Amino acid sequence: MKLSDNKATLSFSNGKSPVELPVYEGTVGPDVIDIRKLYGQTGMFTYDPGFLSTASCQSAITYIDGDKGELLYRGYPIEQLAVNCDYLETCYLLLYGELPNAAQKEEFDQRVTRHTMINEQMQFFLRGFRRDAHPMAILTGLVGAMSAFYHDSTDINNPEHRDIAAIRLIAKLPTLVAMAYKYGVGAPYQYPQNNLSYAGNFLRMMFGNPCEEYKVNPVLERAMDRIFILHADHEQNASTSTVRLCGSSGTNPFAAIAAGVACLWGPAHGGANEACLNMLEQIQASGGVAKVGEFMEKVKDKSSGVKLMGFGHRVYKNYDPRAKLMQETCNEVLAELGLEKDPLFALAKQLEKIALEDDYFVQRKLYPNVDFYSGIVQRAIGIPVNLFTGIFALARTVGWIAQLNEMISDPEYKIGRPRQLFTGHTTRTVKPLAERG
Ligand code: CMC
């Protein structure tokens, strides 16, 4: 980061001397005021719950311009990556900073492919879960458990360990997600098949069975790959910040990524695609398109607690560029499967149209986010609703590990330790039990 000529001055109305704070410039995006010495200089903290105005780190991986609706991975627009690259090229880009050339791509693809199998013992670990456990509960456990299986890649301070942990995580997540699914439905696990693409292999592990040959449908394979690309990274969101904070203690990469999986599960974050599809199904069950107006009134009534899932974003105050690409994929998949008249797709388009014209949404700059259409695509492919967030976790693993590795490689990194504005009791004396009222 570059020191700016501009400086910020913080003055106080109580006569305390003003403090001059350095300002740093990034390559693009808002400048930051450096408050690292603020406490030392003033004895005060800053207060920013939800980190609305706080840059928690410097990063060169992903850039979002929320007003323009722009998303760049290492400088490349998501629209170009989604059309010209596959997911593993995107992983290489996020991890190493540049797109691979043909030889690098071949080597990277082979490396990932050779790590897709998991330690056989993990099957027994999986069997300890109830069959009706939520896949995200299983995944949180399985990813954390990887630290008990791969001892040669748990030293976060060793760059080779970090690299092999990254490859293992990217390679094994599809196997783990598919196993969690097969376990839930009581079907036999499918071993990975190395002659298939990353997305094709995942589809086969999900939908293949040992009795028949599975033919990968190229349209669905491309759709799956696009879902992975669009979810691969999204700068300092809740789960990524969780991974960074967790990893900042020096814990092993598998434990840090498991923390990210746990955070992603929530409906305000990765769980939104599941919540969005449930919402569409509920509207459909209550009368479909005819009930859209009534539902929208509920959304606008704050006392109802109902939100239009798949709409709104902390950073995007414009159309989420991923939502446009997802809508395109949605059209392709539904056409391929002969589901053009899918009632949920019609419902989603109707909701989107109304919302984009409604003052409530316009004033608050609420637009569809990536989750609005991703659920419809996944459902059409045959992925059960409760696995949607697991697919998101699979795709986001590369972003988490790239961000974690970036943090650990930064010589300035410190354990994360936010402070607080204390509003509780001051010191008081413990009364003996008999004297307490
Ligand atoms: N439906 C109805 N009202 C909404 C919605 C929504 N989906 N999202 C925001 N609002 C309202 C909100 O009530 C507030 O209104 P007011 O100013 O009158 O109090 C205003 O818009 C600003 O919202 P906010 O809650 O301050 O915004 P935020 O940045 O804290 O929250 C969000 C962002 C994503 C949590 C929120 O928009 C939301 O809950 N959306 C639905 C869940 C969803 O789709 N999440 C997926 C995010 S994209 C995938 C990912 O990155 O994980």
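Residue numbers restart at each chain and count upward from 1, following the sequence in its written direction. Local features in this predicted model are restricted to residues of pLDDT 70 or higher, and side-chain atom pairs are both shown and tallied only at a pLDDT of 80 or more, whereas totals for entire chains, interfaces and linings draw on every residue. The side-chain values count all of the structure's non-hydrogen atoms but skip hydrogen atoms and water molecules.

Along its length, the protein carries 18 helices and six strands. Our radius of gyration is a C-alpha quantity, and the globule rule it is checked against amounts to 2.2 Å times the number of residues to the power 0.38. Over its C-alpha trace the protein gives a radius of gyration of 24 Å, about what one expects of a compact globule, namely 22 Å for 437 residues. A principal-axis box enclosing the C-alpha atoms of the protein has dimensions of 80 × 65 × 55 Å. If you take every contact in the protein between residues at least 6 apart in sequence, the share linking residues at least 24 apart comes to 69%. Method for areas: the Shrake-Rupley scheme with a 1.4 Å probe, in which residue coverage is limited to the protein chains shown. Summed over all atoms, the accessible surface of the protein reaches about 21900 Å², with 52% contributed by carbon and sulfur. Residues scored as charged are limited to Lys and Arg (positive) and Asp and Glu (negative), so that His and the chain ends carry no count. Think of each charge as sitting on NZ of Lys, CZ of Arg, CG of Asp or CD of Glu. Distance between charge centres in the protein, computed from 44 positive and 48 negative side chains, equals 7 Å. Where helices and strands are cited, they refer to DSSP runs of H or I of at least four residues and of E of at least two residues respectively, numbered from the N terminus. Whether two residues are in contact is decided by their heavy atoms: any pair within 4.5 Å suffices.

Okay, the domain arrangement of the protein next. Interfaces are often sized by the amount of accessible area the parts lose when they come together. Throughout, the edges of the domains are those of an automatic or database domain assignment. Considered domain by domain, the protein is made up of domain 1 (2–55) and domain 2 (82–412). On a C-alpha basis, the centres of domain 1 and domain 2 stand 36 Å from each other.

This part is about the side chain of Ser374. Tracing the sequence through the fold places Ser374 in helix α17 (residues 371–381). When sequence neighbours within four positions are dropped, the list of residues in contact with Ser374 reads His231, Asn273 and Met326.

Here we come to the site of the ligand. Note on terminology: near, applied to a residue and a molecule or strand, indicates that one of the residue's heavy atoms is within 4 Å of it. The environment of the ligand is made up of 20 residues, and the closest members are His269, Lys302, Leu308, Arg314 and Tyr360. Think of a polar contact as two N or O atoms within 3.5 Å of one another; within protein, one of them needs to be a possible hydrogen donor and the other a possible acceptor, and neighboring residues in sequence only count if both atoms come from side chains. Contacts to the ligand include Lys307, whose side-chain N or O atom sits 2.9 Å from an oxygen atom. Contacts to the ligand include Gly310, whose backbone N or O atom sits 2.9 Å from an oxygen atom. When isolated, the ligand has an accessible area of 940 Å², and the protein chains bury 75% of it. Each residue gets one of three labels, nonpolar for Ala, Val, Leu, Ile, Met, Phe, Trp, Tyr, Cys and Pro, charged for Asp, Glu, Lys and Arg, and polar for the others, Gly among them. Per-class residue counts for the shell around the ligand are nine nonpolar, six polar and five charged.

Here the focus is the nonpolar core. We define the nonpolar core as a collection of buried residues of types Ala, Val, Leu, Ile, Met, Phe, Trp, Tyr and Cys that are connected through side-chain atoms lying within 4.5 Å of one another. The classification of residues rests on relative accessible area computed with a 1.4 Å probe and restricted to protein chains. Under 20% of the type maximum is buried, over 50% is exposed, and intermediate values are partly exposed. Core analysis: the largest hydrophobic core is formed by 116 residues, its most contacted members being Tyr87, Met224, Phe228, Leu308 and Leu351. For this core, the leading source of residues is helix α7 (residues 159–185), giving 14 residues. Ignoring sequence-local partners within four residues, the contact set of Tyr87 consists of Tyr198, Asp225, Phe228, Ile229, Ala232, Leu394, Ala395 and Val398. One finds Ala8, Val19, Val23 and Leu38 within the second-largest nonpolar core, a separate group that totals six residues.

DSSP-based pairing: two strands are paired if at least 2 bridges between them are found. Strand order in the open sheet made by the three strands is β4-β5-β6, with antiparallel pairing throughout. The sheet terminates laterally at β4 (62–65) and β6 (76–77), the two strands that pair on one side only. In terms of strand pairing, strand β5 (residues 70–73) meets β6 through two bridges, oriented antiparallel. Paired with Tyr73 across the strands is Tyr76, a residue of β6.

This part takes up the packing of aromatic side chains. Pairing of aromatic side chains here covers Phe, Tyr and the six-membered ring of Trp, requires ring centres within 6.5 Å, and sorts the geometry by plane angle: under 30 degrees stacked, over 60 edge-to-face, intermediate tilted. Under the definition given, this model contains 17 aromatic pairs. Ring geometry for Phe125 against Phe129: centres 6.0 Å apart, planes inclined by 90 degrees, an arrangement best described as edge-to-face. Exposure remark for Phe129: the relative accessible area of 22% places this residue in the partly exposed category. Taken together, Phe311, Phe345, Tyr360, Phe361, Phe372 and Tyr373 form an aromatic cluster joined through their ring pairs. Over a ring means this: the NZ of a Lys or the CZ of an Arg is within 6 Å of the ring centre and within 35 degrees of the ring normal. Here Lys16 stacks its cationic end above the ring of Phe12, 5.8 Å away from the centre of that ring. Between Arg364 and the ring centre of Tyr360, over which it is positioned, the NZ or CZ distance is 3.8 Å.

So, on to empty space enclosed by the protein. Buried and open spaces are told apart on a 1 Å grid over the protein atoms alone, a cavity being a set of points where a 1.4 Å probe fits but cannot get out and a pocket being an open set with protein on both sides within 12 Å along at least five of seven lines. Residues with an atom within 4 Å of a point are the lining residues. Grid points are joined across faces, edges and corners, and a volume is the space filled by probe spheres set on the points. One pass over the structure, following the stated rule, counts one cavity of 30 Å³ or more. In this structure, the largest cavity occupies an estimated 80 Å³ of space. Every residue along the wall of the largest cavity is listed here: Met117, Ile118, Glu120, Gln123, Thr175, Met179, Tyr189, Gln190, Tyr191 and Pro192. When grouped by side-chain class, the residues that make up the lining of the largest cavity number six nonpolar, three polar and one charged.

Right, let's get into helix α8 (residues 198–207). Along α8, nine of the ten residues are buried, which leaves the element largely enclosed by surrounding structure. Listed as buried for α8 are Tyr198, Ala199, Gly200, Asn201, Phe202, Leu203, Arg204, Met205 and Met206. Where α8 is buried, its residues contact α3 (87–96), α4 (102–114), α7, α9 (218–230), α17 and α18 (388–409).

UniProt positions are given in the numbering used here, feature names are shortened, and annotations may be inferred rather than shown by experiment. Feature annotation in UniProt assigns "active site" (unreviewed entry) to the following positions: His313 and Asp371. A compact arrangement is adopted by the annotated residues: their sequence extent is 59 residues, whereas the largest C-alpha distance between any two is 10.7 Å. One can find His313 in the loop between α13 (292–300) and α14 (321–336). Apart from residues lying up to four places away in sequence, His313 is in contact with His234, Arg322 and Asn369. Following the sequence through the fold, Asp371 ends up in helix α17. Judged by relative accessible area, which is 5%, Asp371 ranks as buried.

Taken in spatial order, the three strands line up as β1-β2-β3 in an open sheet, and their pairing is antiparallel. Since the sheet does not close on itself, it has two edges, and those belong to β1 (2–10) and β3 (32–33), each with one partner. Direction of pairing for strand β2 (residues 19–25) relative to β3: antiparallel, over a ladder of two bridges. Bridged to Val23 within β3 is Ile33.

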